[in-house]
Amino acid sequence: MSPLGRPSKYTEEFRRDAVDLVHSSGRPISQVARELGMSHETLRNWVPTYCNGGS
């Protein structure tokens, strides 16, 4: 569930994989987000969460 109580549009696995792709590819967040068909703001918000061992 999201903080707003809605089911998340993205699975935890997708989130981790997207953040891993940002780090491993060296491409900008905006480019990776575009390739994944998602908002760059959403991906930008995930990066610190998943880099700091969050879930």
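Quick note: structure is the one above.
The text that follows walks through the structure, step by step, so that each part is easy to find. All of these numbers come straight from a predicted model, not from anything done at the bench.

Our next topic: the packing of aromatic side chains. One pass over the structure, following the stated rule, counts 3 aromatic pairs. The interplanar angle of 80° and the centroid separation of 5.2 Å between the aromatic rings of Y10 and W46 together place this pair among those described as edge-to-face. One end of the pair, Y10, is in the segment before helix 1 (12-25); the other, W46, is in helix 3 (residues 40-51), with 36 residues separating them in the sequence. Residue Y10 is classed as buried on the basis of its relative accessible area of 19%.

The next point concerns the packing of helix 1 against helix 2 (residues 29-36). At a minimum axis separation of 10 Å, helix 1 and helix 2 run at an interaxial angle of 135°. Compared by their axis directions, helix 1 and helix 2 come out oblique. Relative to helix 2, helix 1 is oriented so that their crossing is right-handed. Within the contact between the two elements, helix 1 uses F14, A18, L21, V22 and S25 and helix 2 uses I29, V32 and L36. For the contact of helix 1 with helix 2, a count of residues per class yields 7 nonpolar, 1 polar and no charged.

Within this structure, the stated rule accounts for 2 salt bridges. Salt-bridge contacts for E35 lead to R27; the nearest nitrogen and oxygen are separated by 2.7 Å. The salt bridge involving E41 is made with R44; its shortest N-O contact spans 2.5 Å. With E41 and R44 both in helix 3 and 3 residues apart, this pair spans about one turn of that helix. Classification of E41 as partly exposed rests on a relative accessible area of 35%.

On to the environment of V47, then. If you trace the backbone, V47 turns up in helix 3. Take V47: its relative accessible area is 13%, and that puts it in the buried class. The spatial distance from the C-alpha of V47 to the C-alpha of R15 is 8.9 Å, given a sequence separation of 32 residues. Once you skip the residues sitting within four places of it in the chain, V47 turns out to touch V19, H23 and I29.

Criteria and thresholds
- Note on numbering: residues in each chain are counted from 1, in written sequence order.
- For this predicted model, a pLDDT threshold of at least 70 governs which residues receive local features, and a threshold of 80 or more governs which side-chain atom pairs are given and counted, while totals over whole chains, interfaces and linings are taken from all residues.
- Side-chain numbers come from the whole structure's heavy atoms, not from hydrogens or water.
- Aromatic rings from Phe, Tyr and Trp, taking only the six-membered ring of Trp, are treated as a pair when their centres fall within 6.5 Å; an angle between ring planes under 30 degrees marks them as stacked, one over 60 as edge-to-face, and anything in between as tilted.
- Segments assigned H or I by DSSP are reported as helices when at least four residues long, segments assigned E as strands when at least two residues long, and all are numbered from the N terminus.
- Here the term buried applies to any residue with accessible area under 20% of the maximum for its type, exposed to any over 50%, and partly exposed to those in between, with areas from a 1.4 Å probe on protein chains only.
- The axes are straight lines fitted to the C-alpha atoms, using for helices just the contacting stretch, and the angles between their N-to-C directions are given from 0 to 180°.
- Roughly parallel here means an angle under 35 degrees, roughly antiparallel means over 145, roughly perpendicular means 65 to 115, and every remaining angle is called oblique.
- If you view the pair so one helix is near and one far, a crossing is left-handed when the near helix is turned anticlockwise from the far one by less than a right angle, and right-handed when it is turned clockwise.
- The contact definition used throughout considers only heavy atoms, calling two residues in contact when any of these lie within 4.5 Å.
- Three categories are distinguished: nonpolar for Ala, Val, Leu, Ile, Met, Phe, Trp, Tyr, Cys and Pro, charged for Asp, Glu, Lys and Arg, and polar for the others, with Gly belonging to the last.
- When a carboxyl oxygen of Asp or Glu is within 4 Å of a side-chain nitrogen of Lys or Arg, the pair counts as a salt bridge.

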